[in-house]
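Coordinate inspection notes
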Amino acid sequence: MRKISTALMIGAVASGIATAGFAQEQVKMATITPGSSAYLVMTSMASSANINQNKFEVLVDATGSPTKDMVDAALGRLDMILTTPLNMEHMKNGTAMYQDLDSAPALSQNLGLVYWFPAGAIHTVVHADTGMARLDDIRGQKVFMGPLGSEAFNASRAWIFAATGLDAGSDYEVVDSTWGAALQGFQNREFEVHISAGIPPFAQVEKLAETANVRILGLTRAEASVESDPLNRAFGEIGRTRDVIPAAAYGDKVINSEDVYAMGTTVGVVARMDLSEEAVYEITKAFWDNLPKLTEDAPYLGSLTPDAAFAAENVALHPGAARFYKEAGWKIPRALR
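As the structure is a prediction and not an experimental result, all values here were calculated from the model. (Residues numbered from 1 in each chain as written. Predicted model: local features only at pLDDT ≥ 70, side-chain atom pairs only at ≥ 80, totals over all residues. Heavy atoms only, no water.)

Observations concerning the overall build of the protein
So the rule is basically this: Secondary structure counts use DSSP, requiring at least four H or I residues in a row for a helix and at least two E residues in a row for a strand, with both numbered from the N terminus. As defined in this context, the radius of gyration uses C-alpha atoms, and a globule is described by 2.2 Å times the residue total to the power 0.38. The cut-offs for exposure are 20% and 50% of the maximum accessible area for each residue type, with area from a 1.4 Å probe on protein chains only; residues under the lower value are buried, those over the upper are exposed, and the others partly exposed.
Looking only at helices and strands, the protein has 14 helices and 10 strands in total. Here the protein has a C-alpha radius of gyration of 20 Å; the compact-globule value for 337 residues is 20 Å, and the two agree. Its C-alpha atoms give the protein principal-axis dimensions of roughly 55 × 45 × 35 Å. Counting across all 337 residues of the protein, residues that qualify as buried make up 53%.

Structure, rendered in C-alpha cells:
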C-alpha cells in the first residue's frame, strides 16, 4: 500500500494548518489514480484527518478500483473507499458487475455512507486542430473513456449514447488504457478523444492542454434542454446530473468560447459498518470542520456542501458520520438515518 505523506498533502491541499500528534490507529483508505477530482477530495480528507486529530492515521492507496474495493471493504480488508450511488445500487441488487457474486447483496449491508460529493462534469477533450466541434464528430475516432469496466467508462459511454446515439465499439473505437497512460497517449497524438469527469477547472484537462490547444465537446444549452427519452434516461440514473462546464473555467489553450453542457456524476466515501464509530466520527469531523480552510487552497472543494453530501439516499449513513452530522445540526434525510 502506498502511503500519501502528510508533508506532501499539507503542501498540496492543507497548507497553514498545524500538525497533530502521531496517530495511534491506522485506517486504510482506497481511492483512484491521482489527477481526478475524487482523488483530490479523498486525499484532502486524509490530510485533514492526519493534521487535525491524533487518534487515527489515514493511509491512502491511490491505485484502487471502486468495484473491487467495495467487496474488499465489506470483507474488512479496507476501511474507507470511493464508490458511486449506481455501484451501490448494483451491489445491493446483485446486478451488472456483481451479477456473478451471490453474496453481493449481503456484503452491501456492511457499507455505510460517509458523504457524497460531485465528481464533476464529463469532459470530452479533443485536439483543437482536428476540426471536431460537435460531440457526434467523435464517430470513427479512437476514444478513451476510462479503464474498461470502470464506472467512469460506463458513465461516459452512457452519456455519449444518450447525447449522440453513437455506441462504443461500433461507431467509435474504444482505447483500452489506464488513466496515466491515457494522458500521455493523448498528448502524443496516439488517439484524439479523451473523456473523463472532473470539477472545473479540472487538473486533467489542464494537463491535456499543456502541449497543444484543445476543445471540450458537449451540448449547447438549447440541446441539453431538449426533453428526449435518451437524455432523460441518462440523467435519470441515480447519481447522474445535468452539469455545465463554464467557458471561462480554463485558460486560452482550451478554445471553447461558450459554456459546454454535459452529464455530471456523483461519487462518495463509504466505510465498512464494522469500522469503529469513533474512527469515522473523528475523520469526518476533522474534514468538515476544516473544509473552509482547505477550500482556500483548493477551490474545487467548494462543491462539497451538506446538500451534496446527502445527494443519494440508497445507503444508510455510517453511525460515526451520522453522529457528526447530528452534532453539527445538519438535516439528515430520513432514508439515510
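Points about a positive patch on the surface
To keep it simple, the criterion reads: Patch membership needs two things, relative accessible area over 30% and no salt bridge, and members are linked within 9 Å if like-charged or within 5 Å if nonpolar (Val, Leu, Ile, Met, Phe, Trp, Tyr). We get accessible surface area from the Shrake-Rupley algorithm with a probe of 1.4 Å; when it comes to residues, only the shown protein chains can shield them. When a carboxyl oxygen of Asp or Glu is within 4 Å of a side-chain nitrogen of Lys or Arg, the pair counts as a salt bridge. Here the positive residues are Lys and Arg and the negative ones are Asp and Glu; neither His nor the chain ends is included. In this description, the location of a charge corresponds to atom NZ of lysine, CZ of arginine, CG of aspartate or CD of glutamate.
Among the surface-exposed residues, Lys326, Lys331, Arg334 and Arg337 lie close enough to one another that they form a single positively charged patch. In this structure, arginine 334 sits in the segment after α14 (319–328).

Here we look at the nonpolar core
Condition: The definition of a nonpolar core used throughout is a set of buried Ala, Val, Leu, Ile, Met, Phe, Trp, Tyr and Cys residues joined through side-chain atoms within 4.5 Å.
Core analysis: the largest hydrophobic core is formed by 63 residues, its most contacted members being Met80, Tyr115, Trp288 and Tyr325. The element contributing the most residues to this core is strand β4 (residues 111–127), with seven residues.

A closer look at the pattern of salt bridges
A complete count under the given rule lists 18 salt bridges for this structure. Glutamate 278 is the salt-bridge partner of lysine 55, the closest N and O atoms lying 3.0 Å from each other. One end of the pair, lysine 55, is in the loop between α2 (37–52) and β2 (56–61); the other, glutamate 278, is in helix α11 (residues 277–289), and 223 residues separate them in sequence. Relative accessible area serves as the criterion here: at 35%, lysine 55 is assigned to the partly exposed category. Glutamate 278 sits in the partly exposed class, given a relative accessible area of 27%. With its nearest N and O atoms 3.7 Å apart, the salt bridge here joins glutamate 277 to arginine 323.

Thoughts on the environment of glutamate 227
For clarity, the threshold we go by: Whether two residues are in contact is decided by their heavy atoms, any of which lying within 4.5 Å being enough. Distance and chemistry together define a polar contact, namely a pair of N or O atoms within 3.5 Å, with one atom able to donate a hydrogen and the other to accept it when in protein, and with adjacent residues in sequence counting only for side-chain atoms on both sides.
Residue placement: glutamate 227 occurs in the loop between α9 (221–224) and α10 (229–236). Excluding residues that lie within four positions of it along the chain, glutamate 227 makes contacts with Asn232 and Arg242. For glutamate 227, the side chain forms a polar contact with the side chain of asparagine 232, separated by 3.3 Å.

Thoughts on unusual backbone geometry
Here the bond from proline 200 into proline 201 is cis, since omega is -5°, no more than 30 degrees from zero. Unusually for a residue other than glycine, alanine 96 sits at a positive phi of about 50°. When you line up the elements, alanine 96 lands in the loop between α4 (85–93) and α5 (104–108). The phi dihedral of arginine 189 falls on the positive side, at around 65°, and the residue is not glycine.

Re the pairing of strand β1 (residues 25–30)
Under the convention used in this document: Strands pair, by our definition, only if DSSP identifies at least two bridges between them. A crossover counts as right-handed when, viewed with the strands pointing away from the observer, the path leading from the first strand over the helix to the second turns clockwise.
Here six bridges tie β1 to β2, and the two strands are oriented parallel to one another. Of the residues in β2, the one forming a bridge with methionine 29 is valine 60. Regarding the hand of the β-α-β motif, the stretch spanning β1, α2 and β2 is right-handed. Note that β1 and strand β3 (residues 80–83) share two bridges and pair parallel. Looking at the pairing, methionine 29 lines up with methionine 80 of β3.

Some words on the packing of α11 against α14
As a reminder, the rule being used: Structural elements are reduced to axes, namely lines fitted to C-alpha atoms, with helices fitted over the stretch in contact, and the angle between N-to-C directions of any two is expressed from 0 to 180 degrees. Comment on the angle field: the value is read as roughly parallel under 35 degrees, roughly antiparallel over 145, roughly perpendicular from 65 to 115, and oblique elsewhere. Left-handed describes a crossing whose near helix is turned anticlockwise from the far helix by less than a right angle; the clockwise case is right-handed. Polarity classes work like this: nonpolar for Ala, Val, Leu, Ile, Met, Phe, Trp, Tyr, Cys and Pro, charged for Asp, Glu, Lys and Arg, and polar for all others, with Gly in that last group.
Running from N to C, α11 and α14 cross one another at 45°; their axes reach a closest spacing of 7 Å. Relative to α14, α11 is oriented oblique. Crossing handedness for the pair α11 and α14: right-handed. Along its contact with α11, which presents Glu277, Glu278, Val280, Tyr281, Thr284, Lys285, Trp288 and Asp289, the element α14 presents Pro319, Gly320, Ala321, Arg323, Phe324, Tyr325 and Glu327. Split by residue class, the contact of α11 with α14 holds seven nonpolar, two polar and six charged.

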